[in-house]
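# Examination of the molecular architecture
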Amino acid sequence: MIRDRVRMDAYTEALRRSVKPGDVVIDIGTGTGIFALIACQLGAKHVYAFEPNPLIEVGKQIAAANGFADRITFIKDFTTAVTPPEQADVIVGDIRGQLPFLYPNISTYHDAYHRLLKPGGILIPKRDKLFAAFYEATDEYRDVLLTPWVHNPYNLDMSAALPMILNAGWSAGLSQEKVNIVLPGQQLDTLEYGLRSDPRSASIVEWEVEQAGTAHFLYIWFDAELIEGVTYSAAPGVSDRPVVYGSSQYPLLEPLSLQPGQIVRLSFNADLLSENYIYRWKTELFANAADKAADKALKRFNQSTFFARPLDGIHKRSPSFTPTLGKDGKLQAFIFSRMAEGNLTLQQIAASALSTFPDSGRDQTSMLSLVASLSQSFSQ
Amino acid sequence: VAQQVVAAANVLFHQFGDEAVILNITNETYYRLDQVALSMWRALTESDSVAAAQSLLLSQYDAPEETLHADLHEFITYLKNANLIDIRD
């Protein structure tokens, strides 16, 4: 992310306009600490830099190398789990994914804004605006997206994979310069960070087709407003576009042939399921306004990234499901119970697990490896 | 029986291999469908009316009409109570 100059320059400018000498700053998702360091350069009295990833250790070294070790407190946790000793004048973060919908982005800013920011303080980013457009890409759709599955070069029927392919995000085979937009960008939603608590997004937008063309892909992007007057755009075809976010493109179930006067309606939803977002996009084509009013669509595609997932026992996540432990669950429960005794080495735990579960399919080495892995994640 | 059953707006149906689920996005509840329930769901949501769905199922299953009618309506009631379907006149 640090390599992306568009993003970095915008964030640096937002910090330059916001941080005053003597300020307290909170950096959410500091990574290797770049925003915390810049805040120190701008005169921040102290920075609390949060990062749950072990990468935070590198941030500490970098802070020391730059003489800021005593002004930055690195906290290996989420801001939602810890209360620093003082509230901040400025809170900064970039915890988006390709889109702003990366859990727990929205709820983290909401919590930080209300709990960790001084009254009148500044939250960076201020808002993201979400946009959608449709573009034409005949070659990418036919030759790159479909070919291995529909026109298989080895004469194999691979079409069973097609529902997954056509419901997944698509990022290959499109150069920014060649984006041929057939239905121009329209705003879907505005995410007002700090004020918004609902992590979901639901929007419906319509286009009246002006020129004949074919839509193959839906393109979703955001424009960021870090503070008033400091912005950047991840829109397709923008020359100084930040590259770190990639691009979120979604194929249509089939190419959508468009004629002037027709109406296209898009319903786009971002839903949060068990800390993961799924996207739904319903694309409807109507011959005219009367048909739209009568709900008589020429084409109607209901797509979702949920359909791109193997189910793999997903019903077991349902709140009403009553789980029982399977073979691996029993083994891990046994290992945890031995760890809880608090006086056994990993080697002793692995040996007792092997003798209790002789049919686990593990030898001494792989059992020790499992115990070690659980120890790294869960012991203290 | 002339009414039509459609999946509710916040419901996703997904079949993958031998497994099929209905997901209620609003409360993040998954419903696993066995083979009979899967046939009923498909018949209901792909037919123009409950009567058409029942006829389709009668052609697929060797079951008395009264039994199938009762089972189908019990299934519809369950789906409706779980907010998984809308019923249109």
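For the structure given in this document, a descriptive report is provided here. Fair warning: this is a prediction, and the values are worked out from it, not measured in the lab.

Criteria and cut-off values
Residues numbered from 1 in each chain as written. Chains lettered and ligands numbered in written order. Predicted model: local features only at pLDDT ≥ 70, side-chain atom pairs only at ≥ 80, totals over all residues. Heavy atoms only, no water. Helix = DSSP H or I, 4+ residues; strand = E, 2+ residues; numbered from the N terminus. Buried < 20%, exposed > 50% of the residue type's maximum accessible area, 1.4 Å probe, protein only. Contact = heavy atoms within 4.5 Å. Lys, Arg positive; Asp, Glu negative; His and termini not counted. Charge placed at Lys NZ, Arg CZ, Asp CG, Glu CD. 1 Å grid on protein atoms, 1.4 Å probe; cavity = no way out; pocket = protein on both sides within 12 Å on 5 of 7 lines; lining within 4 Å. Points joined across faces, edges and corners; volume = space filled by probe spheres on them. Nonpolar A, V, L, I, M, F, W, Y, C, P; charged D, E, K, R; others polar. Axes fitted to C-alpha atoms, helices over the stretch in contact; angles between N-to-C directions. Parallel < 35°, antiparallel > 145°, perpendicular 65-115°, else oblique. Left-handed = near helix turned anticlockwise from the far one by under 90°. Pairing = 2+ DSSP bridges. Patch = residues over 30% accessible without salt bridge, like charges linked within 9 Å, V, L, I, M, F, W, Y side chains within 5 Å. Areas by Shrake-Rupley, 256 points an atom, 1.4 Å probe, with all protein chains shown as cover. Salt bridge = Lys/Arg side-chain N within 4 Å of Asp/Glu carboxyl O. Buried area = accessible area lost by both parts, 1.4 Å probe. Polar contact = N/O pair within 3.5 Å; in protein donor to acceptor, adjacent residues only side chain to side chain.

The next subject is the overall build of chain A. Looking only at helices and strands, chain A features 10 helices and 14 strands. Per-residue burial for chain A yields a buried fraction of 46% across its 380 residues. Within chain A, contacts between residues separated by at least 24 positions form 72% of all contacts whose residues are at least 6 apart in sequence. Distance from the positive charge centre (35 side chains) to the negative charge centre (41 side chains) of chain A: 3 Å.

The next point concerns helix H4 (residues 105–115) of chain A. Residues spaced three or four apart along an α-helix face the same direction, because each turn holds 3.6 residues. Residues Asn-105, Ile-106, Thr-108, Tyr-109, Asp-111 and Ala-112 of chain A constitute the buried set of H4 of chain A. Buried residues belonging to H4 of chain A abut strand E1 (24–28), strand E4 (88–93), strand E5 (117–124), strand E7 (180–192) and strand E13 (276–286) of chain A.

Here we take up empty space enclosed by the protein. Residues and elements named next belong to chain A. Enumeration over the complete set of coordinates arrives at one cavity of 30 Å³ or more. Counted as a void, the largest cavity has a volume near 40 Å³. Around the largest cavity sit Gln-98, Leu-99, Ile-220, Trp-221, Phe-222, Ala-234, Arg-241, Tyr-245, Gly-246, Ser-247 and Ser-248, which together line it. In terms of residue count, strand E9 (residues 213–227) provides more of the lining of the largest cavity than any other element does, three residues in total. Within the lining of the largest cavity, the residues separate by chemical class into six nonpolar, four polar and one charged.

Moving on: the packing of helix H9 (residues 346–356) of chain A against helix H10 (residues 364–378) of chain A. All names here are of chain A. As a packed pair, H9 and H10 sit with axes 9 Å apart at the nearest point and diverge in direction by 125°. Relative to H10, the element H9 is oriented oblique. The handedness of the crossing between H9 and H10 is right-handed. Residues Leu-346, Gln-347, Ile-349, Ala-350, Ala-353 and Leu-354 of H9 form the contact with H10, whose participating residues are Gln-364, Met-367, Leu-368, Val-371, Ala-372 and Ser-375. Here the contact of H9 with H10 is built from residues that sort into nine nonpolar, three polar and no charged.

Bringing the layout of surface pockets into the picture now. Of the pockets and cavities examined, the largest pocket occupies roughly 1,400 Å³. If you trace the largest pocket, you find 39 residues lining it, with Lys-282 and Asn-302 of chain A together with Ala-7, Val-11 and Leu-12 of chain B closest to the centre. The greatest single-element share of the lining of the largest pocket, amounting to six residues, is contributed by strand E2 (residues 11–16) of chain B. Along the lines of polarity and charge, the residues of the lining of the largest pocket split into 18 nonpolar, 12 polar and nine charged. Put simply, the second largest pocket is a space of about 610 Å³. As for the second largest pocket, its lining consists of 30 residues, and the residues nearest its centre are Met-1, Gly-29, Glu-51, Asp-94 and Ile-95 of chain A. Among the secondary structure elements, those contributing two or more residues to the lining of the second largest pocket are E1, helix H2 (34–41) and H4 of chain A. Among the residues making up the lining of the second largest pocket, the classes are represented as 15 nonpolar, nine polar and six charged.

Residue and element names in this part refer to chain B. Across the sheet, which stays open at both edges, the three strands sit in the order E2-E3-E4 with antiparallel pairing between neighbours. In this open sheet, the two edge strands, each paired with only one partner strand, are E2 and strand E4 (29–32). Sheet twist, expressed as the average angle between the axes of neighbouring strands with direction ignored, equals 20°. Bridge count for E2 against strand E3 (residues 19–24) is six bridges, and the pairing is antiparallel. When the bridges of E3 are listed, Leu-12 appears paired with Leu-23. Of the strands in this sheet, E2 and E3 are in contact with helix H1 (residues 35–46), which crosses E2 at around 125°.

Residues Tyr-154, Leu-156 and Met-158 of chain A make up a contiguous nonpolar surface patch of about 350 Å² in total accessible area. One can find Met-158 of chain A in the loop between helix H5 (138–146) and helix H6 (162–165).

Here we take up the interface of chain A and chain B. Contacts between chain A and chain B engage 21 residues on the former and 17 residues on the latter. Of the roughly 1,600 Å² buried between chain A and chain B on both sides combined, carbon and sulfur atoms contribute 65%. Run the count over chain A and chain B and you get zero salt bridges. Applying the counting rule to chain A against chain B returns eight residue pairs in polar contact (both at pLDDT 80 or more). Those elements that provide at least two residues to the side of chain A that touches chain B are strand E12 (263–273) and E13 of chain A. For the side of chain A that touches chain B, a count of residues per class yields 10 nonpolar, six polar and five charged.

Geometric values such as these leave the question of function open.
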